[in-house]
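Spelled out from the first residue to the last, the chains are:
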Amino acid sequence: MSKGVLVDVTRCIGCKACQTACKQWNDMPSSIPEFDNNLGHPAKTNGYTWTTVYHRVVEKDNQDVIRTTKFQCMHCLDPGCVSACFSRAFQRDPKTGAAVYHPHLCVGCRYCMLACPFNVPKYQWDKVFPLVSKCQFCFDPKGKYDRVGHGQAPACVSTCPTQALMFGEREEMLQEAWNRINSNPNYIKHVYGEKEAGGTAWMYISDVPFEELGLRADVTERPIPQYSHEFLKYTPPVIVAWGGLLSAMYFYTKRRKDVAAEKDKGFKA
Ligand code: SF4
Ligand code: SF4
């Protein structure tokens, strides 16, 4: 079983309480305001902001309306980041289904960033020893503050004042999504995340097209690991071989220098 969250865009008022709760719970610093045309801040998630709320002006029934949408890691059921990570810094938590980043195992190759179909993992470029950074589904790799694993809703869900976010078993959230869609013709007849990238724990329903909210419309329904496995299975041997080649070059060069130094000594004597 996998936990899930249903995001109902029609109930979101864009207050960003979820964003603030995420920063507080995960002890992340605030950042200098930066706005772009979507009126959100920050415009995208970054190394210190794991969730943000997009603000979009969209056309509906010949009128301009504002829609606001929370975005974070989708916690794919078969995550590309997990399959791409040969050092096992990304793992899927068996209890909750969360795609969790374990910083102490990370070697900084950033394949996870390439493998994610939603462009989620970010890098702390400003740090001397940077880490990858993304929503952990309120999972704590040290186990102390693991909200979801202890049966609690994530901090962002708990704080939402309009119940735009709903947490539970993924299958139940999916059923709830279709119940709402089938009982109200205002909704688009699609649950974003039911099938995208093979299915995700976070799912969205909306009354306007998802791409107009800032969600990617071109994500395949096939799980990303099915594409990447053939290529990525060669990564560890290539890295080992490359490391071996560099070591061999190092020892060859060093040996030549040592020999040259010995010759010099001999000449001076
Ligand atoms: S959205 Fe990206 S980072 Fe999140 S689980 Fe899926 S592949 Fe991994
Ligand atoms: S699930 Fe937790 S870590 Fe993820 S966006 Fe919500 S509060 Fe942040």
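In this report, we go over the structure that sits alongside the text. (Residues numbered from 1 in each chain as written. Chains lettered and ligands numbered in written order. Predicted model: local features only at pLDDT ≥ 70, side-chain atom pairs only at ≥ 80, totals over all residues. Heavy atoms only, no water.)

**Things to note about the pattern of salt bridges**
- Scanning the model with the defined rule gives 8 salt bridges in all.
- Linking Lys60 and Asp61 is a salt bridge whose minimum nitrogen-to-oxygen distance equals 4.0 Å.
- A single salt-bridge network, built from bridges that share partners, covers Asp8, Arg11, Glu176 and Arg180. (Salt bridge = Lys/Arg side-chain N within 4 Å of Asp/Glu carboxyl O.)

**Overview of unusual backbone geometry**
- Of note in the backbone geometry, Lys16 takes a positive phi value of approximately 70° without being a glycine.
- Here Lys16 shows up in the loop between β1 (3-8) and α1 (17-25).
- For Lys16, a relative accessible area of 17% translates into the label buried.
- Residues other than glycine seldom take positive phi values, yet Ala197 does so here, at roughly 55°.
- Examined against the element boundaries, Ala197 turns out to sit in the loop between α5 (170-183) and β9 (202-205). (Helix = DSSP H or I, 4+ residues; strand = E, 2+ residues; numbered from the N terminus. Buried < 20%, exposed > 50% of the residue type's maximum accessible area, 1.4 Å probe, protein only.)

**Details of the site of ligand 1**
- Inspection of the region around ligand 1 gives 14 residues, with Cys73, Cys76, Cys81, Ala99 and Cys116 positioned closest.
- Partitioning the shell around ligand 1 into residue classes produces 11 nonpolar, 2 polar and 1 charged. (Near = heavy atom within 4 Å. Nonpolar A, V, L, I, M, F, W, Y, C, P; charged D, E, K, R; others polar.)

**Remarks on the packing of aromatic side chains**
- Summed over all chains, the structure comprises 9 aromatic pairs.
- Note on Phe90 and Tyr101: the rings are 5.2 Å apart at their centroids and 45° apart in plane angle, and the pair reads as tilted. With a gap of 11 residues between them, Phe90 in strand β4 (residues 90-92) and Tyr101 in strand β5 (residues 99-101) connect regions that are remote in the sequence.
- We classify Tyr101 as buried; its relative accessible area is 4%. (Phe/Tyr/Trp six-rings, centres within 6.5 Å; stacked < 30°, edge-to-face > 60°.)

**Points about the sheet that holds β9**
- Read from one edge to the other, the open sheet built from 3 strands follows the order β8-β1-β9, with strand pairing classed as mixed. For this open sheet the edge positions go to β8 (165-169) and β9, each flanked by a neighbour on one side alone. When strand polarity is set aside, the average angle formed by the axes of neighbouring strands in this sheet is 25°.
- α5 rests against β1, β8 and β9 of the sheet, and its axis sits at about 130° to β8. (Pairing = 2+ DSSP bridges. Axes fitted to C-alpha atoms, helices over the stretch in contact; angles between N-to-C directions. Contact = heavy atoms within 4.5 Å.)

**With respect to the layout of surface pockets**
- One number sums up the size of the largest pocket: a volume of about 620 Å³.
- Taken together, 24 residues line the largest pocket, and the ones lying closest to its centre are Asn26, Trp50, Gln136, Asp140 and Pro141.
- Grouping the constituent residues of the lining of the largest pocket by class yields 13 nonpolar, 5 polar and 6 charged. (1 Å grid on protein atoms, 1.4 Å probe; cavity = no way out; pocket = protein on both sides within 12 Å on 5 of 7 lines; lining within 4 Å. Points joined across faces, edges and corners; volume = space filled by probe spheres on them.)

**Describing the state of the cysteines**
- Taken as a whole, this structure holds 0 disulfides when the rule is applied.
- Free cysteine Cys109: the closest other cysteine sulfur is in Cys85, separated by 6.1 Å.
- A residue is classified by how much of its surface remains accessible, and Cys109, at 31% relative accessible area, is partly exposed.
- With no disulfide of its own, Cys112 lies 6.4 Å from the sulfur of Cys109, the closest cysteine sulfur. (Disulfide = S-S within 2.5 Å.)

**Observations regarding α5**
- The end-to-end C-alpha distance of α5 is 20 Å, a good match for the 20 Å that 14 residues give at a rise of 1.5 Å each.
- Residues of α5 that are buried include every one of Arg170, Met173, Leu174, Ala177, Arg180 and Ile181, and no others. For α5, the angular spread of the buried residues around the axis is 125°, confining them to a single face. Turned more than 90 degrees away from the buried face of α5, the exposed residues are Asn182 and Ser183.
- Close packing links the buried residues of α5 with β1, β8 and β9. (Expected span 1.5 Å × (residues − 1). Arc of directions from axis to C-beta.)

**A look at the environment of Glu196**
- By the secondary structure assignment, Glu196 is in the loop between α5 and β9.
- Since its relative accessible area comes to 9%, Glu196 is described here as buried.
- Considered as a pair, Glu196 and Arg216 are 20 residues apart in the sequence and their alpha carbons are 9.6 Å apart.
- Apart from residues no more than four positions distant in its own chain, Glu196 is found in contact with Phe118, His190, Val191, Val219 and Thr220.
- Only 2.7 Å separates the side chain of Glu196 from the backbone nitrogen of Gly193, close enough to count as a polar contact. (Polar contact = N/O pair within 3.5 Å; in protein donor to acceptor, adjacent residues only side chain to side chain.)

**Thoughts on α1**
- Of the residues making up α1, those classed as buried are Cys18, Gln19, Ala21, Cys22 and Lys23.
- Turning to α1, the residues buried within the fold contact β2 (52-60), β3 (63-71), α4 (155-159) and β8.
- Just downstream of α1, Asp27 is the residue with a positive phi angle, here 55°.

All quantities given are derived from atomic positions and should not be read as evidence of function.
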